[in-house]
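Each chain, letter by letter, is given below.
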Amino acid sequence: MSVELPTISSGGISAGISQLGAELQFLRDGHGRDLLWDGDPAVWHGRAPILFPVIGLLEGGCYRLDGQRYAMPKHGFARHSTFDIIDQAADAVTFRLSASEQTRAVYPFAFQLDIQFCVSATQLRVTANIANLGDVPMPASFGFHPALRWPLPFDQPRAMHTIRFAQDEPAPIRRINADGFLLPDPQPTPVSGDTLVLRDDLFVADAVIFDRLNSRSASYGPPVGPRLAIDFADFPTLGMWTKPGADFLCIEPWQGFADPVGYAGDLRDKPGILEIAAGSSKRLAMSLALTT
């Protein structure tokens, strides 16, 4: 099935987004240099999937809700769904996914998910608006999953790339087990002060999960040349992931987690879940901006 690839540009940054999953397909600076992973299927086919209405894996591949069980794939169904384009301009485009017979079979809610991409100067801002159009509270998780080039295309070594948080981050981190479920015990942080030196061995045990951050912004890149500033003010959790040795780093603002090991409770009671009241909505945004 062919899908459109709308493009937006500010002159300082440009982006192309697919209707399939409302997934960012490229992000380039003003010189045409690629900031986003290319989705090489021999390594990892993703580029920047949208995670909704769950994040990560569910025990037994399903969740429990009000006495019923519903099957759900890893990271939910939004990334495999075709969105409608509801608004488009030279510097912004908005996509919409609405509840359907197919989604109600696995997620029995009258939701509406809008994803807006907007560029200005050297910044891309992505805003999700999750609306509950039904008459009962709607539990959900939501996450962004952009895979940024590692190294960035600025002629600096991969080993020189770091994450610098806005504040010191001494709190422990979380991990998932070999089956993909959230482990109960926190682990010592790999951050020193406000800086995480990126190494492949950090990701041998899969994602690094920060769920007690002081910061809601950080920067990524080498010490010389441009860096990417990441703002995730609306999110309590940040995941980072790569396949060791791959040329990408996913920096992922999350509202929610994979199931804790052995979780058998209701989706409404799951740690990290967002509950949206009937007739209301929740807005969650992140931005990526080139800085010098």
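Here, every reference points to the structure presented above.
It should be emphasised that the depicted structure is a prediction, and the values quoted were computed from it without experimental measurement.

Enquirer: Sorry, what's going on with unusual backbone geometry here?
Expert: One can expect most non-glycine residues to show negative phi and most peptide bonds to be in trans. Geometrically, the link from Phe-52 to Pro-53 is a cis peptide bond, its omega value of 0° lying close to zero. Of note, the bond from Trp-150 into Pro-151 is cis; its omega dihedral lies within 30 degrees of zero at 10°. Tracing the backbone through its elements, the reader meets Pro-151 in the loop between β13 (147–149) and β14 (162–165). With phi around 65°, His-75 is a residue other than glycine that occupies positive phi space. Phi at Asp-206 is positive, roughly 75°, even though this residue is not glycine. Structurally, the position occupied by Asp-206 is in the loop between β15 (195–197) and β16 (208–210).

Enquirer: What is the right way to read the pattern of salt bridges from this model?
Expert: Between side chains of opposite charge, pairing is possible as soon as their charged atoms come close. Counting across every chain of the model gives 10 salt bridges. The salt bridge partner of Asp-66 is Arg-268, with a shortest N-O separation of 3.1 Å. Separated by 202 residues along the polypeptide, Asp-66 in the loop between β5 (62–65) and β6 (68–71) and Arg-268 in the loop between β20 (248–255) and β21 (274–276) bring together distant segments of the chain. Under the relative-accessibility criterion, Arg-268 is labelled partly exposed at 22%. Asp-259 is paired through a salt bridge with Lys-270; the nearest N and O atoms lie 2.9 Å apart. In this pair, Asp-259 sits in the loop between β20 and β21 while Lys-270 sits in the loop between β20 and β21, placing the two residues 11 residues apart along the sequence. For Lys-270, a relative accessible area of 4% gives the class buried. Among the charged side chains, a network of salt bridges with common partners joins Asp-66, Arg-268 and Glu-275.

Enquirer: Help me understand empty space enclosed by the protein, please; the structure alone is not making it clear to me.
Expert: Think of a ball as big as a water molecule: rolled over the atoms, this probe shows where empty space is left. Applying the stated criterion to the full structure yields two cavities of 30 Å³ or more. Ala-48, Phe-117, Val-126, Phe-144 and Pro-146 are, among the 15 residues lining the largest cavity, the residues nearest its centre. Of all the elements in the fold, those that place two or more residues in the lining of the largest cavity are β3 (23–29), β10 (123–132) and β22 (281–291). Each residue belonging to the lining of the largest cavity can be placed in one class, and the counts come to 12 nonpolar, two polar and one charged. Considered as a void within the structure, the second largest cavity measures approximately 40 Å³ in volume. Lining the second largest cavity, in full, are Leu-58, Cys-62, Tyr-63, Arg-64, Asp-259, Tyr-263, Gly-265, Asp-266, Leu-267 and Lys-270. Across the lining of the second largest cavity, the residue classes tally to five nonpolar, one polar and four charged.

Enquirer: Explanation requested: the nonpolar core in the structure shown.
Expert: In summary, soluble globular proteins display a tendency toward joint burial of nonpolar side chains. Judged by nonpolar contacts, the single largest core of 72 residues is most densely connected at Leu-113, Phe-142 and Tyr-220. Sorting elements by how many residues they give to this core places strand β9 (residues 111–120) first, with five residues. Grouped together as the second largest cluster of nonpolar side chains are 15 residues, Leu-182, Trp-241, Phe-248 and Trp-254 included.

Enquirer: Could you clarify how one ought to interpret the pairing of β10 in this entry?
Expert: In the case of a regular strand, side chains alternate between the two sheet surfaces. The buried fraction of β10 is high, at seven of 10 residues. Both β9 and β10 contribute to a ladder of 10 bridges, which runs antiparallel. Bridge assignment links Leu-113 to a residue of β10, and that residue is Ile-130. Where β9 folds back onto β10 in an antiparallel hairpin, the turn is made up of two residues, including Ala-121, whose phi is positive at roughly 50°. Of the pairings in the sheet, the one linking β10 to β22 comprises nine bridges and is antiparallel in character. By the bridge assignment for β22, Ile-130 is matched with Lys-282.

Enquirer: What is the right way to read the environment of Pro-244 from this model?
Expert: Structurally, the position occupied by Pro-244 is in the loop between β19 (237–241) and β20. In this structure, the C-alpha to C-alpha distance between Pro-244 and Gln-25, residues 219 residues apart in sequence, is 22 Å. Those residues in contact with Pro-244 that sit more than four places away from it in its chain are Asp-200, Phe-203 and Val-204.

Enquirer: Looking at this model, I keep getting lost on the packing of aromatic side chains. Mind explaining?
Expert: Each aromatic ring pair is described using two quantities: the centre-to-centre distance and the angle formed by the ring planes. Enumeration over the complete set of coordinates arrives at 16 aromatic pairs. On the basis of an interplanar angle of 80° and a centroid distance of 5.2 Å, the ring pair of Trp-44 and Trp-241 is categorised as edge-to-face. Of this pair, Trp-44 sits in the loop between β3 and β4 (50–51) while Trp-241 sits in strand β19, placing them 197 residues apart in sequence. Each member of the pair, Trp-44 as well as Trp-241, is classed as buried. Geometrically, the ring pair formed by Tyr-107 and Phe-111 is tilted, given 6.0 Å between the ring centres and 55° between the ring planes. Among the aromatic residues, ring-to-ring pairing joins Phe-52, Phe-77, Tyr-107, Phe-109 and Phe-111 into one connected group. Above the ring of Phe-26, the side-chain terminus of Arg-28 is found at 4.0 Å from the ring centroid. We note Arg-158 situated over the ring of Trp-150; from NZ or CZ to the ring centre the distance is 3.7 Å.

So, how was this worked out
- The written sequence of each chain sets the order in which its residues are numbered from 1.
- Local features in this predicted model are restricted to residues of pLDDT 70 or higher, and side-chain atom pairs are both shown and tallied only at a pLDDT of 80 or more, whereas totals for entire chains, interfaces and linings draw on every residue.
- Hydrogen atoms and water are omitted, and side-chain values are computed over all heavy atoms in the structure.
- By the criteria applied, helices consist of DSSP H or I runs no shorter than four residues and strands consist of E runs no shorter than two, each listed in order from the N terminus.
- What counts as a salt bridge is simple: a side-chain nitrogen of Lys or Arg found within 4 Å of a carboxyl oxygen of Asp or Glu.
- When a residue's accessible area, from a 1.4 Å probe over protein chains only, is under 20% of the maximum for its type it is buried; when over 50% it is exposed; and in between it is partly exposed.
- Grid spacing is 1 Å over the protein atoms alone, the probe is 1.4 Å, and a cavity is where that probe fits but cannot get out, while a pocket is an open set with protein on both sides within 12 Å along at least five of seven lines and lining residues have an atom within 4 Å of a point.
- Grid points are joined across faces, edges and corners, and a volume is the space filled by probe spheres set on the points.
- When residues are sorted by character, Ala, Val, Leu, Ile, Met, Phe, Trp, Tyr, Cys and Pro go into the nonpolar class, Asp, Glu, Lys and Arg into the charged class, and all the rest, Gly among them, into the polar class.
- Only buried residues count toward a nonpolar core, which is a set of Ala, Val, Leu, Ile, Met, Phe, Trp, Tyr and Cys residues joined through side-chain atoms within 4.5 Å.
- Only strands joined by at least two bridges in the DSSP assignment are considered to pair.
- Throughout, a residue-residue contact means that at least one pair of heavy atoms, one from each residue, lies within 4.5 Å.
- Stacked, edge-to-face and tilted are the three classes for Phe, Tyr and Trp ring pairs, Trp counted by its six-membered ring, which pair at centre distances within 6.5 Å; planes under 30 degrees apart are stacked, over 60 edge-to-face, the rest tilted.
- Note on geometry: a ring has a charge over it if NZ (lysine) or CZ (arginine) is within 6 Å of the ring centre and within 35 degrees of the ring normal.

What is shown is where atoms sit, not what they do.
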